[in-house]
Amino acid sequence: MRLSRRTWIVSGALAVLALAAALSFSPLVRAKIAAEAARRKLDVEVGTVRPGFFSLTLRDVHVRLQNVRGVDVRLPEIRVELSASLKPRELVAQGGTVSLEGSPEELRDAIRAWRGEGTAGGGGGGSTPWRAEGIAITWSPTAGAPPSLTSQGVSVERSDDGYRIALEGAKASDGDAHAELATLSVQLEPSGALKSAKVGRVQLSYDLALGPDPSAAPAVSPLDPAPPPLPVVLPSKRRGARPAAPSPVAATPSSAPPLLPLPDLHALRHKAGTIAALLASRIPEGALVEVDGLELSLGVRGDRIALGPGPFRFERTHDDVRVSFATGDAASANAATRLSLEGTLPLAGGDVVVDLSGGPVALSLLGVKNGAMGLTDVDRATLAGKGRVVIAAAGDAMTFDVDVKVRGVAIRHAKLASDTLRGLDFGVAARGLLDDKGQLRLDDGEISMGALHLHGRGALEETPDHVSAALSFDVPGAACQQLFDSVPSALLPTLRGTRMAGTFGARGRLAFDSRKLDDLALDYSIADECRMIAVPGDLSRDRFTQPFSHHVYTPDGKIEEEQTGPGTTAWTDLDHISPFMQVAVLTTEDGAFPHHKGFNHAAIRSSLVANLKARKFQRGASTITMQLAKNLFLLRDKTLSRKLEEVILTDYLEQIFRKDDMMELYLNIIEFGPNLYGVTRAAEHYFGRKPEELNLAECLYLSSIMPSPIKNYRIYEKGEVPESWMRHVRQLMEIAERTGKITKAELAEALTETISFHHGGAPSPPPRPPVGVIHVTSDDEAQWQQN
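What counts, and where the lines are drawn
Residues numbered from 1 in each chain as written. Predicted model: local features only at pLDDT ≥ 70, side-chain atom pairs only at ≥ 80, totals over all residues. Heavy atoms only, no water. Helix = DSSP H or I, 4+ residues; strand = E, 2+ residues; numbered from the N terminus. Contact = heavy atoms within 4.5 Å. Areas by Shrake-Rupley, 256 points an atom, 1.4 Å probe, with all protein chains shown as cover. Pairing = 2+ DSSP bridges. Core = buried A, V, L, I, M, F, W, Y, C linked by side-chain atoms within 4.5 Å. Buried < 20%, exposed > 50% of the residue type's maximum accessible area, 1.4 Å probe, protein only. Polar contact = N/O pair within 3.5 Å; in protein donor to acceptor, adjacent residues only side chain to side chain. Disulfide = S-S within 2.5 Å. Phe/Tyr/Trp six-rings, centres within 6.5 Å; stacked < 30°, edge-to-face > 60°. Lys NZ or Arg CZ within 6 Å of the ring centre and 35° of its normal. Salt bridge = Lys/Arg side-chain N within 4 Å of Asp/Glu carboxyl O. Patch = residues over 30% accessible without salt bridge, like charges linked within 9 Å, V, L, I, M, F, W, Y side chains within 5 Å. Axes fitted to C-alpha atoms, helices over the stretch in contact; angles between N-to-C directions. Parallel < 35°, antiparallel > 145°, perpendicular 65-115°, else oblique. Left-handed = near helix turned anticlockwise from the far one by under 90°. Nonpolar A, V, L, I, M, F, W, Y, C, P; charged D, E, K, R; others polar.

Draft legend 1. Structural detail: the overall build of the protein. When helices and strands are counted, the protein shows 14 helices and 33 strands. In the protein, the share of contacts with a sequence separation of at least 24, taken over all contacts with a separation of at least 6, comes to 58%. About 41400 Å² of surface is accessible on the protein, with carbon and sulfur atoms providing 57% of the total.

So this is what it looks like as structure tokens:
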């Protein structure tokens, strides 16, 4: 059907009238928006206004808060539903962005001021219901900086019941801290106070900066090597002996790090009170926050320690704030084995309480991943624990009672062993009190690993100017084989297949005060009846009565096997080695070697004193037997494994060898320079002589370079011994005489001796007659310490 001309005219007229109405309607709407925005202290720009059936559509809306910088809202479209009286019935925004710039404090203060300046309902939402959907929010701490917070899919709805906020995801970062959140749902009161919050999953991570890795190798000094410190020789009770002045050890500097870092209880209690007050001001009584899966992650030098995901609950009551975290999913995990952590922060005065309970639970349910801190097979390892930590209301004391057990741990770490440790079971328990004066009391403590149990008790006091302690310990007697089997085999690889008989037990006491560390008391008794009744072939005593191979290191650090032993060209029997060589190593390395059982009590005590004065590991207590165990059987790995094996093998060597046998082995395998192992090669290389020809000066020079034979080889390369090093050698001669290892006549002759190096290609020096037997003695009660 065709339209008549009149119909066309009418239709055209209606269209013109509709267009005219729309054009006249837009200014009215804009004026209304401008008036309402001014009342609420807002600047609002609208791109276009399109009328609809009892509705309006506003496009390209730009909103700013008056006198507030750093808040910018852009909404592509707002739909306004109108009532029959053409008043707004509901506002709906679709999409858009909210951009924030400035520090949290700056934004908070600016918005508070803006809300206070607004007229009736200023900054509020009025009585008209509204909702915004699909909003993206970004926040940058400074103008032009990358966003520290981004969130997507944000929805906000206002009704008479208050506000509902939801988002699909958000990411935030602040330096080394990072957070990722998903599926947030929040309910607010009409006043804006929190009613409840539900979070699907939260991941929190933090990278802890600890400064340079202490395990990193120090740079090699380009300077000439300096002589090592003189050995400390304490007064001997031998009649007529003249005491040698001990080497000075620097007093503890006032800026030294604490021996045991203790928390500041007042600061902890103040922080807990600050957090509680902040929460009380923001969160009304009865508010509840629940997180379905909270995951925490801490990064330490490339490794990560994870906890979670697990349910987290936060509740505000009238008197306190309560938080709880548990492993796994309550719907699927056995409640009897879930591990939970609960804390209570009082809003007024009161104790801060943290409780741990539950388990055993697999480490994987705690969120620990394979590879974190070297851990593997985390599905098989379990953790169980119980305990309570209470910080008193006044912040003057903290009590603790904790018992944690780990079972079936598998871990691979370069500082532990070269292989993966498997089946590691250990526990830690401690009960005591710490006060605000730096006094720590351990009423009962235990570290256990299989059949091995170490009990301890005592007290420590640490203030800015001193530290003192009185501690006692005991290891209940147990069968040696049970103790051996309690240690993962990867920690004792050299000893695999060993069978032991006998029992082992120990007890002891340590007491010291940093203001008079030279009075340190160290007493212990060890009931060591362990005997190795079966050993691997490489440990057999018979192996060393004939040619054998042992590990040596090339100058570039490679490990090779070298043939030595009786009958080889590099071997010299003890009877054909200058007895001054024994004098030398007894003077510089281990003066008590002829009498101890592998471990030197005086050396251990002296090293403790030195290390406490320095507040770091500065001096060891290695004996000749311990050095022999390392050089015969072990590599140079700086691992816990090597130290454990060194202790056991030291005891073993003392059982199967005479002292002369060990001295002969030691002098024939010890390192004296690059590719220079044993005194036979050293005597020929440095002096062009046989071991039996060496005088005291030459022997003491060889023993003086032993702590760092590669670095000290530079002295030989320069062609002569510096005068500073010769003074050091002469001081060693005097110590040898004072400790009864040489006579006064031998000292007088030695002080006239010089050291001349022999270099390859030069004529050999005239031969000397072998040095005869001398009187080598070391008083049973002489106290000596290696530096």
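Draft legend 2. Structural context of the pairing of strand 29 (residues 548-553). By the bridge criterion, six bridges tie strand 29 to strand 30 (residues 559-564) in an arrangement that is antiparallel. The residue bridging Phe548 from the neighbouring strand is Thr564, located in strand 30.

Draft legend 3. Representation of the nonpolar core within the structure. Grouped together as the largest cluster of nonpolar side chains are 87 residues, with contacts concentrated most on Tyr686 and Tyr701. Grouped together as the second largest cluster of nonpolar side chains are 54 residues, Leu82, Ala197, Ala287 and Leu294 included.

Draft legend 4. Representation of helix 11 (residues 696-704) within the structure. Of all nine residues making up helix 11, nine are buried, and the element is well covered by its neighbours. For helix 11, every residue scored as buried is listed here: Leu696, Ala697, Glu698, Cys699, Leu700, Tyr701, Leu702, Ser703 and Ser704. Packing partners of the buried residues in helix 11 comprise helix 5 (579-588), strand 31 (671-673), helix 10 (679-687), helix 12 (713-718), helix 13 (723-738) and helix 14 (744-750). A distance of 3.2 Å separates the backbone nitrogen of Ala697 from a side-chain oxygen at the start of helix 11, and that oxygen is part of Asn695.

Draft legend 5. Spatial organisation of the side chain of Ser340. Mapped onto the fold, Ser340 is located in strand 15 (residues 339-346). Excluding anything up to four places from it in sequence, Ser340 contacts Phe325, Ala326, Asp355, Leu356 and Ser357.

Draft legend 6. Unusual backbone geometry, seen in detail. Residues Gly359 and Pro360 are joined by a peptide bond in cis, for which omega reads 5°. Among the secondary structure elements, Pro360 is positioned in the loop between strand 16 (352-358) and strand 17 (361-362). Even without being a glycine, Asn67 presents a positive backbone phi close to 65°. Of note, Asn67 is situated in the loop between strand 2 (55-65) and strand 3 (71-82). Given a relative accessible area of 71%, Asn67 falls into the exposed group. If you check the backbone angles, Asp377 has positive phi at about 50° while not being a glycine.

Draft legend 7. The arrangement of the state of the cysteines in detail. Applying the stated criterion across every chain, the model contains one disulfide. Here Cys480 is linked by a disulfide to Cys530, with a sulfur-sulfur distance of 1.9 Å. Taking the sign of the S-S torsion, about -90° here, the bridge from Cys480 to Cys530 comes out left-handed. In this pair, Cys480 sits in helix 4 (residues 480-486) while Cys530 sits in the loop between strand 27 (521-528) and strand 28 (531-534), placing the two residues 50 residues apart along the sequence. Judged by relative accessible area, which is 14%, Cys530 ranks as buried.

Draft legend 8. Geometry of the packing of aromatic side chains. Overall, the coordinates contain 14 aromatic pairs when judged by the stated rule. Between Phe544 and Phe548, the aromatic rings sit 4.9 Å apart at their centres with planes inclined by 80°, giving edge-to-face as the arrangement. Assessed through its relative accessible area of 5%, Phe544 is described here as buried. Look at Phe548 and you get buried, because its relative accessible area is 3%. Through a chain of ring-to-ring contacts, the aromatic side chains of Tyr686, Phe687, Tyr701, Tyr713, Tyr716, Trp725 and Phe757 assemble into a single cluster. The ring of Phe593 has Lys659 sitting right over it, with the charged end atom 4.4 Å from the ring centre.

Draft legend 9. Local environment of the pattern of salt bridges. What the rule picks out here adds up to 34 salt bridges. One salt bridge in this structure joins Arg642 and Glu646, with 3.6 Å as the shortest N-O distance. Placement of both Arg642 and Glu646 in helix 8 (residues 640-656) is noted, with a separation of four residues, approximately one turn of the helix. Here the two residues Arg642 and Glu646 agree in accessibility, since each one is buried. Among the ionic contacts, a cluster of salt bridges with common partners joins Lys198, Glu290, Asp292, Arg313 and Glu315.

Draft legend 10. Structural view of a nonpolar patch on the surface. Taken together, Phe426, Val428, Ile447, Leu454, Phe473, Tyr524 and Ile526 make up a surface patch of nonpolar side chains, about 570 Å² in accessible area. Residue position: Phe473 is located in strand 24 (residues 466-479). Owing to a relative accessible area of 31%, Phe473 belongs among the partly exposed residues under this scheme.

Draft legend 11. Structural context of the packing of helix 7 (residues 624-633) against helix 8. Running from N to C, helix 7 and helix 8 cross one another at 110°; their axes reach a closest spacing of 8 Å. Taken together, helix 7 and helix 8 sit at an angle that is classed as roughly perpendicular. Crossing of helix 7 over helix 8 shows right-handed handedness. Residues Thr625, Met626, Leu628, Ala629, Lys630, Leu632 and Phe633 of helix 7 lie in contact with helix 8, whose contacting residues are Arg642, Glu646, Leu649, Thr650, Leu653 and Glu654. Residues of the contact of helix 7 with helix 8, tallied by class, amount to seven nonpolar, two polar and four charged.

Draft legend 12. Region of the structure containing the environment of Arg714. One can find Arg714 in helix 12. With 41 residues separating them along the chain, Arg714 and Gly673 place their C-alpha atoms 9.7 Å apart. Within the structure, the side chain of Arg714 is placed 3.2 Å from the backbone oxygen of Lys711, a separation counted as a polar contact.

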